[in-house]
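Spelled out, the chains give:
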Amino acid sequence: EAFRAPTIYELYYEEDGVQRANPQLSHELNRAAEVVFEQRLTRELILFASLYRFAADDLIDIVVDPIDSLFQYRNISETRAQGVELELVGRFPGGVSAGASIAMQSATDETTGERLTNSPGAVVKAHCMVPFLEQFSAACRLRYEASRVTVYHTTTDPFCIADLHLTAARILGRFDLSVLIANVFNGHYANPGGNEHRQAVIVQNGRTFSVRIGVSL
């Protein structure tokens, strides 16, 4: 059991013609129960499984007051979620590692009985890391997410994206190099927006590159 107190912004921020403060805002209350199972299948493979139920009351969310059309944070909803997660992790000779997981859940807004916004029904992940030439390694990560409901009662498209991460350690004895290519195949995907956004979904970045160089002095 846990709680989240409202932030200073949620309590006191005001903007003329846009948002009104709510000093009476109360905390959120969260309760969770989980059963976890772990089993080593072979010397290299481990299986993890969990079954959980989650309840949250007095959730803080921003709404539009119908009287003055101003935004205000309020304790307005209760949610319930239950799901199952399975993960298989392997570590193999030569430093090779790999794994895959799937999470399936059902989350509903108890106030309306509708599916909870921004909550995918399924998430699948897979990853693999392979070292080579002693100082180098390459890692790949895949992520699939099912569709999510937006605050405008539309749904996002399901998507699958891949990331590639290349690293090199101790080049010339003191340099570390890391190259990340996110969304390798330049897939199009979007996340649900909030009540404060005019658009139902926020389009995310396509293929991006980042390079980091570290120096040991």
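Residues numbered from 1 in each chain as written. Predicted model: local features only at pLDDT ≥ 70, side-chain atom pairs only at ≥ 80, totals over all residues. Heavy atoms only, no water.

J.: It is not clear to me how the sheet that holds strand E9 (residues 175-182) should be interpreted in this structure. Could you clarify?
T.: Note: strands within a sheet are paired through backbone hydrogen bonds, in either parallel or antiparallel orientation. Pairing within the open sheet is antiparallel, and its 10 strands lie in the order E1-E2-E3-E4-E5-E6-E7-E8-E9-E12. Either end of the sheet is taken by a strand with one partner, and the two such strands are strand E1 (2-4) and strand E12 (208-215). Put simply, the sheet's adjacent strands are angled 20° from each other on average, direction ignored. (Pairing = 2+ DSSP bridges. Helix = DSSP H or I, 4+ residues; strand = E, 2+ residues; numbered from the N terminus. Axes fitted to C-alpha atoms, helices over the stretch in contact; angles between N-to-C directions.)

J.: How do you make sense of the state of the cysteines when you look at a structure like this?
T.: As used in these notes, a disulfide is a covalent bond between sulfur atoms, one from each of two cysteines. Summed over all chains, the structure comprises zero disulfides. Unpaired in terms of disulfides, Cys160 finds its nearest cysteine sulfur in Cys140, a separation of 9.6 Å. (Disulfide = S-S within 2.5 Å.)

J.: Sorry, what's going on with the side chain of Glu145 here?
T.: As for its position among the elements, Glu145 is in strand E7 (residues 136-145). At 3.3 Å, the side chain of Glu145 and the side chain of Arg143 are in polar contact. Excluding residues that lie within four positions of it along the chain, Glu145 makes contacts with Pro120, Ala122, Val123, Pro158 and Phe159. (Polar contact = N/O pair within 3.5 Å; in protein donor to acceptor, adjacent residues only side chain to side chain. Contact = heavy atoms within 4.5 Å.)

J.: Can you help me understand the layout of surface pockets in this one?
T.: Left-over empty space is what a probe sized like a water molecule reveals as it rolls over the atoms. By volume, the largest pocket is sized at about 810 Å³. Around the largest pocket, the lining is made up of 29 residues, and of these Asp61, Asp109, Thr117, Val151 and Asn195 lie nearest the centre. Going through the elements one at a time, strand E3 (45-64), strand E4 (71-91) and strand E5 (97-109) are the ones with two or more residues in the lining of the largest pocket. Per-element accounting of the lining of the largest pocket gives the leading share, seven residues, to E3. For the lining of the largest pocket, the residue count by class is 14 nonpolar, 10 polar and five charged. Ser50, Glu85, Leu86, Glu87 and Ser101 are the residues nearest the centre of the second largest pocket, which is lined by 13 residues in total. (1 Å grid on protein atoms, 1.4 Å probe; cavity = no way out; pocket = protein on both sides within 12 Å on 5 of 7 lines; lining within 4 Å. Points joined across faces, edges and corners; volume = space filled by probe spheres on them. Nonpolar A, V, L, I, M, F, W, Y, C, P; charged D, E, K, R; others polar.)

J.: So what exactly am I meant to see when it comes to the pairing of strand E8 (residues 159-171) here?
T.: It is a general feature of regular strands that their side chains alternate between the two faces of the sheet. Here E7 pairs with E8 via 10 bridges, running antiparallel. Opposite Leu142, over in E8, you have Ala162 as the bridge partner. Relative to E9, E8 is paired through six bridges, and the arrangement is antiparallel. By the bridge assignment for E9, Ile171 is matched with Phe175. Between the antiparallel neighbours E8 and E9 lie three residues, among them Leu172 with a positive phi of about 55°.

J.: Please clarify how the pairing of strand E2 (residues 28-40) should be interpreted in this entry.
T.: Note that E1 and E2 share three bridges and pair antiparallel. By the bridge assignment, Phe3 is partnered in E2 with Leu29. Hairpin remark: E2 followed by E3, antiparallel, with four residues in the connecting loop.

J.: Which parts of the structure should I look at to understand the side chain of Asp163?
T.: Here Asp163 is to be found in strand E8. Residue Asp163 is classed as buried on the basis of its relative accessible area, which comes to 10%. In terms of polar contacts, Asp163 uses its side chain to reach the side chain of Arg141, at 2.8 Å. At a separation of 2.8 Å, a polar atom in the side chain of Asp163 contacts the main-chain amide nitrogen of Asn183. When residues no more than four places from it in sequence are discounted, the contact partners of Asp163 are Ala139, Cys140, Arg141, Ile181, Ala182, Asn183 and Val184. (Buried < 20%, exposed > 50% of the residue type's maximum accessible area, 1.4 Å probe, protein only.)

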